[in-house]
Every structure is written in C-alpha cells, then in structure tokens.
Amino acid sequence: TETCRFSGLRIYPGKGSRFVRGDGQVFIFLSRKVKSMFFQRKRPSKLAWTTQYRKAHKKDQVSEQARKKGRTRAGAGARSICNVSEEVIQK
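Let me begin by describing the structure that accompanies this report. (Residues numbered from 1 in each chain as written. Predicted model: local features only at pLDDT ≥ 70, side-chain atom pairs only at ≥ 80, totals over all residues. Heavy atoms only, no water.)

So, the packing of aromatic side chains
Note on aromatic pairs: each is described by the distance of the centres and the angle between the planes.
Piece 1. Here the structure, examined in full by the defined rule, presents eight aromatic pairs.
Piece 2. Plain terms: the ring middles of F19 and F39 are 4.9 Å apart, the flat faces sit at 85° to each other, and that makes the pair edge-to-face. Placement of the pair is F19 in strand β3 (residues 17-20) and F39 in helix α1 (residues 32-39), with a sequence separation of 20 residues.
Piece 3. Taken together, the ring pairs in this structure connect F19, F27, F29, F38 and F39 into an aromatic cluster.
Piece 4. Positioned above the aromatic ring of W49, the side-chain terminus of K33 is 4.2 Å from the ring centre. (Phe/Tyr/Trp six-rings, centres within 6.5 Å; stacked < 30°, edge-to-face > 60°. Helix = DSSP H or I, 4+ residues; strand = E, 2+ residues; numbered from the N terminus. Lys NZ or Arg CZ within 6 Å of the ring centre and 35° of its normal.)

Thoughts on the pairing of strand β4 (residues 26-29)
Piece 1. Summarising the sheet, β3 and β4 pair through four bridges and their orientation is antiparallel. Paired with S17 across the two strands is F29, which belongs to β4.
Piece 2. The hairpin turn running from β3 into β4, its antiparallel successor, is five residues long, and G24 in that turn takes a positive phi close to 95°. (Pairing = 2+ DSSP bridges.)

Brief notes about the nonpolar core
Piece 1. In terms of nonpolar packing, the biggest core is built from nine residues, these being C4, F6, I11, F27, I28, F29, V34, M37 and L47.
Piece 2. Looking at this core, the elements that each hand over two or more residues are β4 and α1.
Piece 3. If one sorts the elements of this core by residue count, β4 sits on top with three residues.
Piece 4. Beyond its immediate sequence surroundings of up to four residues, I28 is in contact with E2, T3, C4, R5, I11, S17 and R18. (Core = buried A, V, L, I, M, F, W, Y, C linked by side-chain atoms within 4.5 Å. Buried < 20%, exposed > 50% of the residue type's maximum accessible area, 1.4 Å probe, protein only. Contact = heavy atoms within 4.5 Å.)

Have a look at this one:
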C-alpha cells in the first residue's frame, strides 16, 4: 500500500490516481475529493478528515493518554491556633 500525498490515508492496489507535475514530481491521491482539494490549494492541516489535522489537534493518542499525572496533596499537619504553639495546646 502507498499513502496519499494530501490526506495521509492508505491507498490499496487498484485504487487512487497519480498526478505528475511539470517538474516530474509524482503525487498519488486516494480519491477525486482529495485531488480536488489539492488543486484548490487547501491546507490538509485545516481539514478535519486528514491525518495532518488529527496530528495537529492531538487526536488518536490513546497510548500516551493512558495514565494521567496525579497531584501531590499536602499531608494533614499540626497547626497552631491564634499564635499558640502546638506544645502549649497539648499540655
């Protein structure tokens, strides 16, 4: 399989189309929709269904988001009341 130059999706054998630019650079597109967007000079990172958009907006990150970092809480310590120390209170 090959990858689409615009959407980043996989292209299986027998699917997609090739476009060869004047300078000899080859572009492989998945569908007519993708080809149309390329010729309209749309940015793939602005279209929600492309892999570039998903990477830019942090989608599909299941393994990295598995465990959140917990906050450390301060333990319950002894406090003084009205400027009186803990030792005086316990006596």
